[in-house]
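Analysis of the macromolecular model
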Amino acid sequence: MPISTQILLFDGFDELDAVAPFEILVGAGFPVRLVTLEGTEPHVTGNHGLRTGIDGAFAVDAGGLLVVPGGGWAGGRQGVRRAVDAGSLPSAVAEAHAAGAIIASICTGGVIVAAAGLLAGRPAVTHRAALDYLALAGADVRADERVVDDGDIVTAGGVTSGIDLSLHLVERFVSAERAETQRVRIEHEHRTPALVTQQDKERPEA
């Protein structure tokens, strides 16, 4: 069934990383809130200038889904780079995960998840411009994958991969039929995610 979802926004987030999942998840019946850490701003400004209203402050939700967009990694000291340097966003993501939330990152949102210390030894993907960061953080980088589902952490590659991630989450938490309804509605050719099993994790190194 649909689960409570927060999309964690910050100044410099990539608009498509957040808007595409919002549309798909809401369309599939997920209760979705757009949040920031403080929740006091009337709006937050994306990497390309889109001013987006918010629903309130981030709150730890043990049974919920936390979606972490990327944005701004390759453009200097803004967006994700600023968030990682400040440390508050990675700390919030780590707190949510420790409480039992499922973390889903899109594009360079994976850098925030890595900075939270959650990807060491785990399979993951992010935008190609940040794969080295994931490797340095100890992740098992799956550069050729679009979406990697490792249970309580789901990561997605480039900007438009948020569409694939969201359709996968709809299938995982609701049904394949509901996901297909959304896919047909937006006329998207879906790519099957990499579902990580315990056997995958225990495979010997080549």
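In case you missed it, the structure is sitting above this.
Residues numbered from 1 in each chain as written. Predicted model: local features only at pLDDT ≥ 70, side-chain atom pairs only at ≥ 80, totals over all residues. Heavy atoms only, no water.

Attention now moves to the side chain of H97. Note on placement: H97 falls in helix 3 (residues 88–99). Owing to a relative accessible area of 19%, H97 belongs among the buried residues under this scheme. If near-sequence neighbours (up to four positions away) are discounted, H97 is found in contact with I103, L118, R122, D152 and I153. (Helix = DSSP H or I, 4+ residues; strand = E, 2+ residues; numbered from the N terminus. Buried < 20%, exposed > 50% of the residue type's maximum accessible area, 1.4 Å probe, protein only. Contact = heavy atoms within 4.5 Å.)

The set of residues buried in helix 2 (residues 79–86) consists of G79, V80, A83 and V84. Axial view of helix 2: buried residues confined to an arc of 125 degrees, hence all on one face. Among the exposed residues of helix 2, those oriented more than 90 degrees off its buried face are D85 and A86. Elements that come into contact with the buried residues of helix 2 comprise helix 3, helix 4 (109–115) and helix 5 (131–136). (Arc of directions from axis to C-beta.)

A separate point is the sheet that holds strand 6 (residues 65–68). Within a sheet, each strand pairs with its neighbour through backbone hydrogen bonds, oriented either parallel or antiparallel. On the basis of which strands lie adjacent, the open sheet formed by eight strands has the order 5-2-1-6-7-11-10-12 and mixed pairing. Lying at the two open borders of the sheet, with one neighbouring strand each, are strand 5 (56–57) and strand 12 (194–195). Sheet analysis places strand 2 (residues 32–36) next to strand 5, joined by two bridges and oriented parallel. Among the inter-strand pairings, V35 is bridged to a residue of strand 5, identified as G56. Helix 1 (residues 15–27) contacts strand 1 (5–8), strand 2 and strand 6 of the sheet and is inclined by roughly 150 degrees relative to strand 2. (Pairing = 2+ DSSP bridges. Axes fitted to C-alpha atoms, helices over the stretch in contact; angles between N-to-C directions.)

As a further point, take the packing of helix 1 against helix 7 (residues 176–186). In contact at an axis separation of 10 Å, helix 1 and helix 7 are set at 130 degrees when each is read in the N-to-C sense. Overall, the two elements helix 1 and helix 7 adopt an arrangement that is oblique. Judged by the sense of rotation from one axis to the other, the crossing of helix 1 with helix 7 is right-handed. Side by side, helix 1 and helix 7 meet where E23, I24 and G27 of the first sit next to Q182, R185 and I186 of the second. (Parallel < 35°, antiparallel > 145°, perpendicular 65-115°, else oblique. Left-handed = near helix turned anticlockwise from the far one by under 90°.)

Our next topic: the pairing of strand 2. The buried fraction of strand 2 is high, at four of five residues. With four bridges joining them, strand 1 and strand 2 adopt parallel strand pairing. Opposite L8, over in strand 2, you have V35 as the bridge partner. Taken together, strand 1, helix 1 and strand 2 constitute a β-α-β crossover, and its handedness is right-handed. (Right-handed = clockwise from strand over helix to strand, strands pointing away.)

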